[in-house]
Amino acid sequence: MKSEDELGDWRRTHYSTQITPELNSREVTLFGWVSSVRTQGGITFLIVNDKEGSFQVTVVKGKTSGEVVEKVAAVGEHASIGVKGTVKTISKAPNGAEVVPSEIKVLNLAKKPAFSVFGGALPSIDKRLDIRAVDLRRDKAQALFKIQRVLLRSLRAFFDEKGYSEVRSPKLISTATEGGASLFSVLYYNRPAFLTQSPQLYKEELTLPFEKVYEIGPAFRAEESRTQRHLSEITSIDIEEAYVDYNDVMDTLEGLIRRAASEVADSCARDFEKLKKEPVQVPKAFERLTYESVIEEVKRKREGISWGDDITGPDVEELGKAHGSFYFVVDWPTAAKPFYIKPSPGKPKVSESFDLMHGALELASGGTRVESKAVLVRRLKEQKLKPQAFEYHLSAFDYGMPPHAGFGLGLERLMMVLTGEENIREVTLFPRDKLRLTP
Ligand code: AMO
């Protein structure tokens, strides 16, 4: 006997969550994967999961057709099946009803995976990532990516309602956007090229024709360190907007986070329950600390830091503890920020820039941009970059580039904050880092 069936003309009529007492006696067709098989005195209960939840299929020896009984005997956990049958009200089943099958299709049998997705001791994240498609069947992973789905929908709705155009910029590029380090080189036909670190230059140029743009897309960083917070391929949520400055885009970022957190909390209560986490609290207003005040704060704790130094390691941890939830650090030294960030008019050592933090985790950075070509060329040289390499980008500034500002927000880091996950890999479908390029 052939053990696997073809899908043929079977099509789903309902999802698991629709199998409720109201459907009693209705003929239905459902699909999914088997999450449990339990036989008790001639009765076999199959629990089948689909993307919405799970339903019960009850097979009674002597009552159910012999062919169905035979097929059910062959399936184990993870097998992909189709079920045609009748809904029957039964209080003990998920959603108060089950499916009594008249026909079953075994679409694909399954090997026993190296670990159970149903609980018990989980192997290390690396072992789980090796078979990520199966790992993502775990309840917790399902909850995390349901939250991500709601988050992405909320972000797009926010941008759309505020009149931003969604754009897609090239990912294969000829010059660095954020400076020379941490670029991946690739061969573009027979020429050297790079994977983009950020849509920075393109989103700025696009304010010239479109004024307000956003992009949610991949960015690549050849990070040397393998940490819980760093990936080599990230999803960057970027905006750029004409005729505004960094204070305006901080307001926008605050609004974006507030709305996303509230929509995720409202729509994903069950998912937070599965994660055993509470939705993140978002303060009424995000503190805006100046870099200068932060340096003074660090100085009170330890000596040896002075204006111009980066704030790293234990200092950021301390800062995170002191300021907790979402807060901005603004007005960074110009020299510490990329060439496209605008020095403050009248105080050029300080720039119109910000980082958005949550505790010790940097979520986003942004600022007002330089709109003058002459200043851009000077800033490139100050940062030991060659203006010739940016010729195409610079030429856009010959045609009335509007004053503009924007930010880049890491999707995976935002997910960490919204879900309380500590390892960025848990909120990434197929994470990439220095040691991982598969699956
Ligand atoms: P920046 O380099 O600060 O700014 O990146 C923006 C945000 O992207 C996320 N991020 C990362 N997340 C995980 N792993 C990484 N290796 C990683 N690198 C960055 C962080 C970070 O805050 N062009 C500017 C943005 C702008 O000014 O508009 C930029 O790319 O959450």
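Reading the values: the criteria
- Residues numbered from 1 in each chain as written.
- Predicted model: local features only at pLDDT ≥ 70, side-chain atom pairs only at ≥ 80, totals over all residues.
- Heavy atoms only, no water.
- Near = heavy atom within 4 Å.
- Polar contact = N/O pair within 3.5 Å; in protein donor to acceptor, adjacent residues only side chain to side chain.
- Helix = DSSP H or I, 4+ residues; strand = E, 2+ residues; numbered from the N terminus.
- Nonpolar A, V, L, I, M, F, W, Y, C, P; charged D, E, K, R; others polar.
- Axes fitted to C-alpha atoms, helices over the stretch in contact; angles between N-to-C directions.
- Parallel < 35°, antiparallel > 145°, perpendicular 65-115°, else oblique.
- Left-handed = near helix turned anticlockwise from the far one by under 90°.
- Contact = heavy atoms within 4.5 Å.
- Pairing = 2+ DSSP bridges.
- Phe/Tyr/Trp six-rings, centres within 6.5 Å; stacked < 30°, edge-to-face > 60°.
- Buried < 20%, exposed > 50% of the residue type's maximum accessible area, 1.4 Å probe, protein only.
- Core = buried A, V, L, I, M, F, W, Y, C linked by side-chain atoms within 4.5 Å.

1. A word on the site of the ligand
Close to the ligand lie 22 residues, the nearest being Q200, K203, E362, S365 and R369. Measuring from a nitrogen atom of the ligand, one finds a side-chain N or O atom of S198 at 3.2 Å. Within the side chain of Y340, one N or O atom sits 3.0 Å away from a nitrogen atom of the ligand. Looking at the shell around the ligand, the elements with two or more residues in it are helix 5 (200-205), strand 17 (361-368) and strand 18 (404-410). Among the residues forming the shell around the ligand, the class breakdown is 7 nonpolar, 7 polar and 8 charged.

2. Topic: the packing of helix 4 (residues 139-161) against helix 7 (residues 246-267)
For the pair helix 4 and helix 7, the least separation of the axes is 9 Å and the interaxial angle reads 140°. With respect to their mutual orientation, helix 4 and helix 7 come out oblique. Our pair here, helix 4 against helix 7, has a crossing hand that is right-handed. Side by side, helix 4 and helix 7 meet where K146, I147, V150, L151, R153, S154, L155, A157, F158, F159 and E161 of the first sit next to T252, G255, L256, R259, A260, E263, V264 and S267 of the second. Considering only residue class, the contact of helix 4 with helix 7 consists of 10 nonpolar, 4 polar and 5 charged.

3. Observations regarding the sheet that holds strand 9 (residues 191-195)
The strand order across the open sheet built from 3 strands is 7-9-8, with neighbouring strands paired in antiparallel fashion. Both edges of this open sheet fall to strand 7 (172-173) and strand 8 (184-188), since each of them pairs with a single strand only.

4. Side note on the packing of aromatic side chains
Under the counting rule described, the total for this entry stands at 12 aromatic pairs. Both rings, one in W33 and one in F118, keep their centres 6.1 Å apart while their planes meet at 25°; by these two values the pair is stacked. Of this pair, W33 sits in strand 1 (residues 27-40) while F118 sits in the loop between strand 5 (97-108) and helix 2 (125-130); the two residues are 85 residues apart in sequence, bridging distant segments of the chain. When its relative accessible area of 11% is taken as the criterion, W33 is described as buried. By relative accessible area, which is 36% here, F118 ends up partly exposed. On the basis of an interplanar angle of 90° and a centroid distance of 5.5 Å, the ring pair of F328 and F354 is categorised as edge-to-face. Of this pair, F328 sits in strand 13 (residues 326-330) while F354 sits in strand 16 (residues 353-358), placing them 26 residues apart in sequence.

5. A few points about the nonpolar core
Counting residues in hydrophobic clusters, the biggest one holds 54 residues, and the most contacted among them are L151, L155, F159, L253, F354, L356 and L409. Ranked by residues supplied to this core, first place goes to helix 4 with 11 residues. Ignoring sequence-local partners within four residues, the contact set of L409 consists of T235, S236, I237, L253, L256, I257, L363, A364 and L414. Residues L46, V48, V72 and I81 belong to the second largest nonpolar core, which totals 21 residues.

6. Remarks on the pairing of strand 15 (residues 347-351)
Bridge count for strand 14 (residues 343-344) against strand 15 is 2 bridges, and the pairing is antiparallel. Directly across from P343, in strand 15, lies its bridge partner S351. If you look at the hairpin formed by strand 14 and strand 15, you'll find 2 residues sitting between the two strands, and G346 has a positive phi there, around 85°.

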